[in-house]
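Summary of structural features
For reference, the chains in residue letters:
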Amino acid sequence: LVPETALYPQIDVTVRGEGELTFPELIDALEHGKDLKNVKGIYFSNGKQNGNKLIRTEDRPLIDINTSPFPRRDLVRFYDYHYFWASIDALESSRGCPFNCHFCCINKHWGRGWRPKSPERVIEEFHRMDKNKRWFIFNDSESTLDMKRMERISELSIEYGYHRKWKSCQGRVTDVVNKPRIVDKMSDAGWKMMFIGIESIHQKSLDTIGKGIKIEDIKKAVKMLHDRGIT
């Protein structure tokens, strides 16, 4: 997000955007003395002797998050993370956001658009998560853009017994307001909390930051969630 940090003498390289493929390729280049200009998705300095200018390499194509490897959960399983006094495990079910809130860095990092994982992939990840944890947290920026997908995730959660796990995600006010039946299904599937990006209680402020929602919808969404036991 701040590529010019690669001009600081303490910083050798910055990785731009997704790092899963870029980072190991970068390490390989550094270890074997390869030309960094051939590593896609990085910034680096050409050196003080050459004027210390920022070099940007070719963009790296976005990865397919449905076929990417699962996280190495065994590396963090021994850490006892908690949220609101409940033990947690976390997953990512999508990347990006198609909206244009002026304050947000998501599009700068993930690229324009929204890339969801399939409901089946999400449930497969549930299978690999720590069953001893109380709470499964979706850490994507916008989980509810496709509410049909969320409905299917909820159905599969119930089918495989994951409705017993508390769940939370980030969603959008209009997603909630427009799909009350699916919010019902999410409640049945264990959703206990949703972050809906209220941002302000003043319509002028919401319009200024490009939020694209109405105060009336915020009030309606909060009531809908509370009526279904979702914080």
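Calculation rules
Residues numbered from 1 in each chain as written. Predicted model: local features only at pLDDT ≥ 70, side-chain atom pairs only at ≥ 80, totals over all residues. Heavy atoms only, no water. Axes fitted to C-alpha atoms, helices over the stretch in contact; angles between N-to-C directions. Helix = DSSP H or I, 4+ residues; strand = E, 2+ residues; numbered from the N terminus. Parallel < 35°, antiparallel > 145°, perpendicular 65-115°, else oblique. Left-handed = near helix turned anticlockwise from the far one by under 90°. Contact = heavy atoms within 4.5 Å. Nonpolar A, V, L, I, M, F, W, Y, C, P; charged D, E, K, R; others polar. Core = buried A, V, L, I, M, F, W, Y, C linked by side-chain atoms within 4.5 Å. Buried < 20%, exposed > 50% of the residue type's maximum accessible area, 1.4 Å probe, protein only. Pairing = 2+ DSSP bridges. Arc of directions from axis to C-beta. Disulfide = S-S within 2.5 Å.

The next thing to look at is the packing of helix H4 (residues 147-159) against helix H6 (residues 180-188). Contact pair H4 / H6: the axes reach a minimum separation of 9 Å and the direction vectors enclose 30°. Taken together, the axes of H4 and H6 are roughly parallel relative to one another. Considering how the two elements wind past one another, H4 and H6 form a crossing that is left-handed. Touching Met 147, Lys 148, Met 150, Glu 151, Ser 154, Glu 155 and Ile 158 of H4 are Arg 181, Ile 182, Val 183, Lys 185, Met 186 and Asp 188, all from H6. The residue inventory of the contact of H4 with H6, partitioned by class, reads six nonpolar, one polar and six charged.

Phe 126, Phe 138, Val 176, Trp 191 and Met 194 are the most contacted members of the largest nonpolar core, which totals 31 residues. Mapped onto this core, the elements with two or more residues apiece are helix H3 (119-128), strand S8 (135-138), H4, helix H5 (173-178), H6, strand S10 (191-195) and helix H8 (215-227). Looking at this core element by element, the count peaks at five residues for H8. Apart from residues lying up to four places away in sequence, Phe 126 is in contact with Leu 91, Lys 131, Phe 136, Phe 138, Ser 157, Tyr 162 and Lys 167. If you look at the next biggest cluster of nonpolar residues, it comprises eight residues, including Val 13, Ala 29, Ile 42 and Phe 44.

Glancing now at the pairing of S8. Here S8 shows two buried faces, one formed by Trp 135 and Ile 137 and the other by Phe 136 and Phe 138. Note that strand S5 (residues 86-91) and S8 share four bridges and pair parallel. If you follow Asp 89 over to S8, its bridge partner there is Phe 136. By the bridge criterion, three bridges tie S8 to strand S9 (residues 166-170) in an arrangement that is parallel.

Right, let's talk about H6 for a bit. Looking at H6, one finds that the buried residues are Ile 182, Val 183 and Met 186. Each buried residue of H6 sits inside an arc of 105° when the element is viewed along its axis, so together they form one side. Looking one or two places after H6, you find Gly 190, whose phi comes out positive at around 110°.

Counting across every chain of the model gives zero disulfides. Looking at the unpaired Cys 101, the closest cysteine sulfur is the one in Cys 104, lying at 6.4 Å. In this structure Cys 101 comes out as buried when scored by relative accessible area, which is 15%. Left without a disulfide partner, Cys 169 is nearest to the cysteine sulfur of Cys 97, which lies 13 Å away.

Once that is clear, we can look at the sheet that holds strand S2 (residues 42-45). As summarised here, the arrangement of the three strands in space is S1-S2-S3, forming an open sheet in which the pairing is antiparallel. The sheet is open, and its two edges are formed by strand S1 (13-15) and strand S3 (54-56), each paired on a single side. The average angle at which neighbouring strand axes cross in this sheet is 20°, direction not considered. Relative to S3, S2 runs antiparallel, the two being bridged by three bridges. Each bridged residue has a counterpart across the sheet, and for Tyr 43 the counterpart in S3 is Arg 56. Where helix H1 (residues 22-31) meets the sheet, it contacts S1 and S2, and its direction lies at approximately 160° from that of S1.

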